[in-house]
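Chain by chain, the residues:
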Protein chains: 4
Amino acid sequence: MAPGARRHDPGRRQRIIDAATRVVEARGIAGLSHRSVAAEADVPLGSTTYHFATLDELLVATLRQANEAHVPRLVLRDGEDLAGALARLLGERLTAERGRVELEYELYLAALRRPALRPVAARWCEDVDRALEPYADPATARALVAVLDGIGLRVLLTDTPYDEAGAREALGRILTGGRPGGRPGS
Amino acid sequence: MAPGARRHDPGRRQRIIDAATRVVEARGIAGLSHRSVAAEADVPLGSTTYHFATLDELLVATLRQANEAHVPRLVLRDGEDLAGALARLLGERLTAERGRVELEYELYLAALRRPALRPVAARWCEDVDRALEPYADPATARALVAVLDGIGLRVLLTDTPYDEAGAREALGRILTGGRPGGRPGS
Amino acid sequence: MAPGARRHDPGRRQRIIDAATRVVEARGIAGLSHRSVAAEADVPLGSTTYHFATLDELLVATLRQANEAHVPRLVLRDGEDLAGALARLLGERLTAERGRVELEYELYLAALRRPALRPVAARWCEDVDRALEPYADPATARALVAVLDGIGLRVLLTDTPYDEAGAREALGRILTGGRPGGRPGS
Amino acid sequence: MAPGARRHDPGRRQRIIDAATRVVEARGIAGLSHRSVAAEADVPLGSTTYHFATLDELLVATLRQANEAHVPRLVLRDGEDLAGALARLLGERLTAERGRVELEYELYLAALRRPALRPVAARWCEDVDRALEPYADPATARALVAVLDGIGLRVLLTDTPYDEAGAREALGRILTGGRPGGRPGS
DNA sequence: AATGAATGAGCATTCATTCAT
DNA sequence: TATGAATGAATGCTCATTCAT
């Protein structure tokens, strides 16, 4: 690169975030460093520390972007109920988009030890809740998300095959277990 | 330590595992290194690599021990149903034993990126399933665990207060949603 | 292995040398350690230090054995002169036995920095000289060996293809350059 | 060194190479480490890994520099033929410059196990060839170099005294063995 | 505003060797 | 006689961060 080239590069910040996403997907958060992301983004090392003073800052931006990009396309097929659709979607994600799902969970779970990520993780959960609100009251939506997370994590963490029928059954119970159209919890 | 002291120390391996547990609880897996665990256990650095050639080996042993130590004391109180007891227990763990729960989840979740941990994580899940089997059929037990994990993680990851009533309601739906004593899923 | 098994194991020393040969062939002298050879030979670590107090001792034994095993089968084919046979043999060794040749050269060249290996290296050279003595006087034999070593090393060290015609020509000049059947040098 | 001292030090890279040369000459490649070269060059440890990310990189630079520094001063004395001059030069180098010659050979021979060094080793050979081309055709030059290397190595590796007369005879045969000014090989 | 150079701390791991048995 | 346990030193390497430009 010629000296002075790309002095004003408005897309650089974004390119760094995209590179961080790729690095985390390929090597995990443990493999994310100013160096690895600079190499992946093909920018100078100093550029990454300039735009993101700490790695936590970069992680926050990466999780936020993963959040925004992840729009669950919940569409019920003919003769399919909500439980069936959610169970099918989870299965599709666990197979066709396994890498992406691992990336999302890794970023989300990182909040366990990094308080800076908690607000973004909270926002993530709320967005997923909201995607279910056309179909269920808020408390039920939260319960559905809990089931989906619990089942999905178990599959990812234990190399256990995904049991779609079991998932549909569990989700169905959440949906029909209370009063019809019930409003559990708060 | 005087040279030559403690050359024969049969409890050393165990002491290293205990030290690793304390290190992970205090500083997270990211803070676990051969050095940090050697200092915490007050053993020479070489001793940690002798007993655990890689950090993964040490993590496996630590997770395994956490698993064995964690005997959920599921006791139903007077007038309490299973859902209520589980919701209460989860709440107790999320407050009184928060550090311990974070430790357990961190070790368990680490399996996402460390295949070596997967068998131990699977064993963990099965043990928890088994603890519930006196009260529910296997598929229901798995669904209950999924709900507990999903809700617990959300509390830990988002700094959200624990909603015990909501948890009890969701667990209750899993338990009563199907036929009585139903056998969902496979 | 049952405790106490193989307490008297007369072949163990030999097995360690064989293992060292395989280790050096696969990973180079830099990859040879008491540990690596113990693992390759499937003997306890202490056994290697017991039979060979230092790595140099083990290297000496390994080089000596490589020397003894290496009997150049110099057979002239119909219509082939000595230069042609040597050039052909070198070519065969550089292709079909490349790993073996690299091993031999690595052990031989190690004498540059390890005086303990020098006598064995000298012995090696003399043995090769002797194999040529039916065909050439001692000084000519030494000159032939020098040419073979110089050409062979260049091929090994520079990833250059072997030029068999050039080698035959050079060897031929050594053989016919002086008086017929000449006795150069000392 | 005072903190902050010598933050800008343009000659540092070169000083590290020089230090590596001294370390290899004194202790061999096996004695070359980031630490040993940092100490010899009186620079911080991190500085060596900054300028040479791997030891191979440092070795390449060191061999390249040794190559450039080594300009064989081939000058024929009165009444001396090429074979005599080469034999004399080899003898001089094997006595007066023994350490230097060992250094050069060790770097050159290291290419056997370090592919990264091969291109530089090849360059080395070509440069030596070229130095002989005023006096001999290319194939003859290569043959002369092979003889010199073969003889030189044998002296270095076996603690055998150098036989200058034998060397002159062998070199002479290479030079006069073919047609006058012959073009052996390809 | 942006970045290359620099550095000290830390890392996992390997190792030769020692020693008690 | 053999060997498992143990250990301190060393290695290559990565890194976040600082700083002068």
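Look up: the structure comes first, before these words.
Let's talk about the packing of helix H4 (residues 55–69) of chain D against helix H6 (residues 98–109) of chain D
Residues and elements named next belong to chain D.
Here's step 1: Following both chains from N to C, one finds H4 and H6 inclined at 130°, their axes separated by 10 Å at the closest point. Relative to H6, the element H4 lies oblique. Relative to H6, H4 is oriented so that their crossing is left-handed. Two secondary-structure elements touch here, H4 through Leu59, Thr62, Leu63, Ala66 and Ala69 and H6 through Arg100, Leu107 and Tyr108.

Describing the relation of the copies chain A and chain B
Here's step 1: Expressed as a screw operation, the relation of chain A to chain B combines 0.0 Å of axial shift with a rotation of 180°, fitting to an RMSD of 0.1 Å. Here the copies are linked by what is in effect a two-fold axis.
Here's step 2: Here 96% of the interface residues in chain A have copies in chain B that are interface residues too; the copies meet face to matching face.

As for the pattern of salt bridges
Here's step 1: All told, the structure shown has 60 salt bridges over all chains when counted by the stated rule.
Here's step 2: Here D:Arg113 ties to C:Glu106 by a salt bridge, and the two come within 2.5 Å at their closest N and O atoms. With D:Arg113 in the loop between H6 and helix H7 (118–132) and C:Glu106 in helix H6 (residues 98–109), this pair bridges two chains.
Here's step 3: Taking the shortest distance from any N to any O, the salt bridge between D:Glu92 and D:Arg88 comes out at 3.1 Å. Residue D:Glu92 and its partner D:Arg88 are both found in helix H5 (residues 82–95); the two are separated by four residues, about one turn of the helix.
Here's step 4: Linked by salt bridges that have partners in common, A:Arg77, A:Glu80, A:Arg88 and A:Glu92 make up one network.

Observations concerning the side chain of A:Thr21
Residue and element names in this part refer to chain A.
Here's step 1: Tracing the backbone shows threonine 21 in helix H1 (residues 12–27).
Here's step 2: Judged by relative accessible area, threonine 21 falls into the buried class, the value being 13%.
Here's step 3: If near-sequence neighbours (up to four positions away) are discounted, threonine 21 is found in contact with Thr62, Gln65, Arg100 and Leu103.

Some details on the nonpolar core
Here's step 1: Of all hydrophobic cores here, the largest spans 122 residues; its most connected members are C:Leu109 and D:Leu109.
Here's step 2: Look past the residues within four positions of C:Leu109 in its chain and what remains in contact with it is C:Leu153, D:Leu109, D:Leu112, D:Leu153 and D:Leu157.
Here's step 3: Core analysis: the next-biggest nonpolar cluster, separate from the first, contains 121 residues, A:Leu109, A:Leu171, B:Ala19 and B:Val23 among them.

Re the protein's contact with DNA strand F
Here's step 1: Around DNA strand F, the surrounding shell holds 34 residues, and the nearest of these are A:Arg35, B:Arg12, C:Pro44, C:Tyr50 and D:Leu55.
Here's step 2: For DNA strand F, a phosphate oxygen lies 3.1 Å from a polar atom in the backbone of A:His34.
Here's step 3: In this structure, a phosphate oxygen belonging to DNA strand F sits 3.3 Å away from a side-chain N or O atom of C:Ser47.
Here's step 4: Elements with a minimum of two residues in the surface near DNA strand F: helix H2 (34–41) and helix H3 (45–51) of chain A, helix H3 (45–51) of chain B, helix H3 (45–51) of chain C together with helix H2 (34–41) and helix H3 (45–51) of chain D.
Here's step 5: The greatest single-element share of the surface near DNA strand F, amounting to four residues, is contributed by H3(B).
Here's step 6: Taken together, the residues that form the surface near DNA strand F break down as 12 nonpolar, 12 polar and 10 charged.

Digging into unusual backbone geometry
Here's step 1: One non-glycine residue, B:Asp42, lies in positive phi territory at about 55°.
Here's step 2: The topology assignment puts B:Asp42 in the loop between helix H2 (34–41) and H3.
Here's step 3: Positive phi, close to 55°, is recorded for C:Asp159, a residue that is not glycine.
Here's step 4: Turning to its location among the elements, C:Asp159 is positioned in the loop between helix H8 (138–158) and helix H9 (164–176).

As for helix H2 (residues 34–41) of chain C
Residues and elements named next belong to chain C.
Here's step 1: Listed as buried for H2 are His34, Ser36, Val37, Ala38 and Ala41.
Here's step 2: Of the surrounding secondary structure, the elements contacted by the buried residues of H2 are helix H1 (12–27), H3 and helix H4 (55–69).
Here's step 3: After H2 finishes, the residue aspartate 42 shows a positive phi value of roughly 55°.

Considering the layout of surface pockets
Here's step 1: If you add up the space inside the largest pocket, you get close to 770 Å³.
Here's step 2: What lines the largest pocket is a set of 27 residues, among which A:Ile29, A:Ala30, A:Glu106, A:Arg114 and B:Arg114 lie closest to the centre.
Here's step 3: Listed by contribution, the elements that provide at least two residues to the lining of the largest pocket are helix H4 (55–69) and helix H6 (98–109) of chain A together with helix H4 (55–69) and helix H6 (98–109) of chain B.
Here's step 4: A per-element tally of the lining of the largest pocket places H6(B) first, with three residues.

Definitions and limits used
Residues numbered from 1 in each chain as written. Chains lettered and ligands numbered in written order. Predicted model: local features only at pLDDT ≥ 70, side-chain atom pairs only at ≥ 80, totals over all residues. Heavy atoms only, no water. Axes fitted to C-alpha atoms, helices over the stretch in contact; angles between N-to-C directions. Helix = DSSP H or I, 4+ residues; strand = E, 2+ residues; numbered from the N terminus. Parallel < 35°, antiparallel > 145°, perpendicular 65-115°, else oblique. Left-handed = near helix turned anticlockwise from the far one by under 90°. Contact = heavy atoms within 4.5 Å. Least-squares fit on C-alpha atoms with pLDDT ≥ 70 in both. Salt bridge = Lys/Arg side-chain N within 4 Å of Asp/Glu carboxyl O. Buried < 20%, exposed > 50% of the residue type's maximum accessible area, 1.4 Å probe, protein only. Core = buried A, V, L, I, M, F, W, Y, C linked by side-chain atoms within 4.5 Å. Near = heavy atom within 4 Å. Polar contact = N/O pair within 3.5 Å; in protein donor to acceptor, adjacent residues only side chain to side chain. Nonpolar A, V, L, I, M, F, W, Y, C, P; charged D, E, K, R; others polar. 1 Å grid on protein atoms, 1.4 Å probe; cavity = no way out; pocket = protein on both sides within 12 Å on 5 of 7 lines; lining within 4 Å. Points joined across faces, edges and corners; volume = space filled by probe spheres on them.

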